[in-house]
Amino acid sequence: MRPKLVVGNWKMNGSRANNATLLAGIVEGLGQGNGKASAAVCVPAPYLHQCADALAGAPLAWGAQDVSVHASGAYTGEVAAAMLADFGCRYVIVGHSERRAYHGESDELVAQKALAALNAGLTPIVCVGETLAQREAEQTNAVVGKQMAAVLELLDEGMVERIVVAYEPVWAIGTGKTATPAMAQEVHAQLRSQLRARSAAAADKVAILYGGSMKPDNAVELLAQADIDGGLIGGAALKAADFLAIIQAA
Ligand code: PGA
């Protein structure tokens, strides 16, 4: 059985003071539990240093929310994967729907970001998901399949084994609307078979997280699905008690 993974996506939220309280609360709660789920937080880049300091030795990994496809050089405003690794990141989210929507990130660019992360020794959390219009037009499988295919085409087999995938239906993000466990499982199973067609080892190893209004009160049912290996948590990751409750559920 794949170990469960719960990742908080702080998005563009936080301040040094609030982060200190939140991180301390999460670490304290993790210390009390004896759960087997792994946990991480993906924070805005300026706070990576704070995570490296506050989380050294703690059972909570950290990461970033985006990465450049370039290694270094004249790319004003960008952050290289090696820089994230330098700050002790284990994870980086790539292709979140907010970046696809507001920054025009294509499936191919997202795949290149995953490659850049892997080359620096990071684990990319590759986000895929359909909009409401696409779901209503019964395009979910095609859209998600194409997003995933771009990544599977670019990475070699050994690299595919090292990614994490997050299925996040866009209509469920920050809306309070969650995919039903059956709806999510259907897409997760499709992603798993797509991985299997590329590499059986990867299909068995790769964690496929669900994201989109996952909360303490719906986490147990979602996480009980055969192909849901954890969660990518937005709003509920900003409250230590809620985030801990989801980790506990996992
Ligand atoms: P949400 O966000 O949990 O607030 O819906 C999830 C995400 O966007 O990663």
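Residues numbered from 1 in each chain as written. Predicted model: local features only at pLDDT ≥ 70, side-chain atom pairs only at ≥ 80, totals over all residues. Heavy atoms only, no water.

### Details of the overall build of the protein chain
Part 1 of the argument: Counting secondary structure elements, the protein chain contains 12 helices and 8 strands.
Part 2 of the argument: The C-alpha radius of gyration of the protein chain comes to 17 Å, within 12% of the 18 Å expected for a compact globule of 250 residues.
Part 3 of the argument: With the C-alpha coordinates of the protein chain rotated into their principal frame, the extents come out at 45 × 45 × 35 Å.
Part 4 of the argument: Relative to its full complement of 250 residues, the protein chain shows a buried share of 50%.
Part 5 of the argument: Contacts in the protein chain between residues far apart in sequence, at least 24 positions, make up 71% of those at least 6 positions apart.
Part 6 of the argument: Just so you have it, the protein chain exposes about 11,100 Å², and 53% of that area is on carbon and sulfur atoms.
Part 7 of the argument: Charged side chains of the protein chain number 19 positive and 24 negative; the gap between the two group centres comes to 3 Å. (Helix = DSSP H or I, 4+ residues; strand = E, 2+ residues; numbered from the N terminus. Rg over C-alpha atoms; globule rule 2.2 N^0.38 Å. Buried < 20%, exposed > 50% of the residue type's maximum accessible area, 1.4 Å probe, protein only. Contact = heavy atoms within 4.5 Å. Areas by Shrake-Rupley, 256 points an atom, 1.4 Å probe, with all protein chains shown as cover. Lys, Arg positive; Asp, Glu negative; His and termini not counted. Charge placed at Lys NZ, Arg CZ, Asp CG, Glu CD.)

### Quick look at the site of the ligand
Part 1 of the argument: Around the ligand, the surrounding shell holds 13 residues, and the nearest of these are Lys 11, His 96, Glu 168, Gly 174 and Ser 213.
Part 2 of the argument: In this structure, Lys 11 approaches the ligand through a side-chain N or O atom, which is 2.7 Å from an oxygen atom.
Part 3 of the argument: The contact in question runs from an oxygen atom of the ligand to an N or O atom on the backbone of Gly 235, over 2.9 Å.
Part 4 of the argument: Expressed as a share of its isolated accessible area of 280 Å², the protein-covered part of the ligand is 97%.
Part 5 of the argument: Looking at the shell around the ligand residue by residue, the class counts come to 4 nonpolar, 7 polar and 2 charged. (Near = heavy atom within 4 Å. Polar contact = N/O pair within 3.5 Å; in protein donor to acceptor, adjacent residues only side chain to side chain. Nonpolar A, V, L, I, M, F, W, Y, C, P; charged D, E, K, R; others polar.)

### Thoughts on the pairing of strand S3 (residues 61–64)
Part 1 of the argument: Here S3 shows a buried face lined by Ala 61 and Gly 63 and a second buried face lined by Trp 62 and Ala 64.
Part 2 of the argument: Each parallel crossover has a hand, and the one from strand S2 (residues 38–42) via helix H2 (residues 48–54) to S3 is right-handed.
Part 3 of the argument: Pairing analysis gives 2 bridges linking S3 to strand S4 (residues 91–94), with the strands arranged parallel. Within S4, the residue paired with Gly 63 across the bridge is Tyr 91. (Right-handed = clockwise from strand over helix to strand, strands pointing away. Pairing = 2+ DSSP bridges.)

### Let's talk about the packing of helix H11 (residues 216–223) against helix H12 (residues 240–249)
Part 1 of the argument: Relative orientation of the contacting elements H11 and H12 amounts to 20°, with a least axis distance of 9 Å. Considering their axes alone, H11 and H12 lie roughly parallel with respect to each other. Between H11 and H12 lies a crossing whose hand is right-handed. Here Pro 216, Ala 219, Val 220 and Leu 223 of H11 come into contact with H12, specifically with Asp 242, Ala 245, Ile 246 and Ala 249.
Part 2 of the argument: Of the residues contributing to the contact of H11 with H12, the split by class is 7 nonpolar, no polar and 1 charged. (Axes fitted to C-alpha atoms, helices over the stretch in contact; angles between N-to-C directions. Parallel < 35°, antiparallel > 145°, perpendicular 65-115°, else oblique. Left-handed = near helix turned anticlockwise from the far one by under 90°.)

### Looking at the nonpolar core
What tends to happen in soluble globular proteins is that the nonpolar side chains get buried as a cluster.
Part 1 of the argument: Of all hydrophobic cores here, the largest spans 67 residues; its most connected members are Ile 26, Val 41, Leu 60, Leu 191, Tyr 210 and Phe 243.
Part 2 of the argument: In contact with Leu 60, not counting residues within four places along its chain, are Leu 23, Ile 26, Val 27, Leu 30, Ala 39, Ala 40, Val 41, Leu 55 and Phe 243.
Part 3 of the argument: Grouped together as the second largest cluster of nonpolar side chains are 14 residues, Val 7, Ala 40, Ile 125 and Val 164 included. (Core = buried A, V, L, I, M, F, W, Y, C linked by side-chain atoms within 4.5 Å.)

### Some details on the pairing of strand S8 (residues 230–233)
Part 1 of the argument: Side chains Gly 230 and Leu 232 project from S8 onto one buried face, and the interleaved Gly 231 and Ile 233 project onto a second face that is buried too.
Part 2 of the argument: Here 4 bridges tie strand S1 (residues 5–9) to S8, and the two strands are oriented parallel to one another. The partner of Leu 5 across the bridge, within S8, is Gly 230.
Part 3 of the argument: Direction of pairing for strand S7 (residues 208–211) relative to S8: parallel, over a ladder of 2 bridges. Bridge assignment links Gly 211 to a residue of S8, and that residue is Leu 232.
Part 4 of the argument: Taken together, S7, H11 and S8 form a β-α-β motif whose crossover is right-handed.

### Description of helix H5 (residues 107–119)
Part 1 of the argument: For H5, built from 13 residues, the straight-helix expectation of 18 Å at 1.5 Å per residue is met to within 8% by its first-to-last C-alpha distance of 19 Å.
Part 2 of the argument: Among the residues making up H5, those that are buried are Asp 107, Val 110, Ala 111, Lys 113, Ala 114, Ala 116, Ala 117 and Leu 118.
Part 3 of the argument: The inward-facing, buried residues of H5 abut helix H3 (81–86), S4, helix H4 (97–102), strand S5 (123–128), helix H7 (140–154) and helix H8 (157–160).
Part 4 of the argument: In the stretch just after H5, Gly 121 is the one whose phi turns positive, near 85°. (Expected span 1.5 Å × (residues − 1).)

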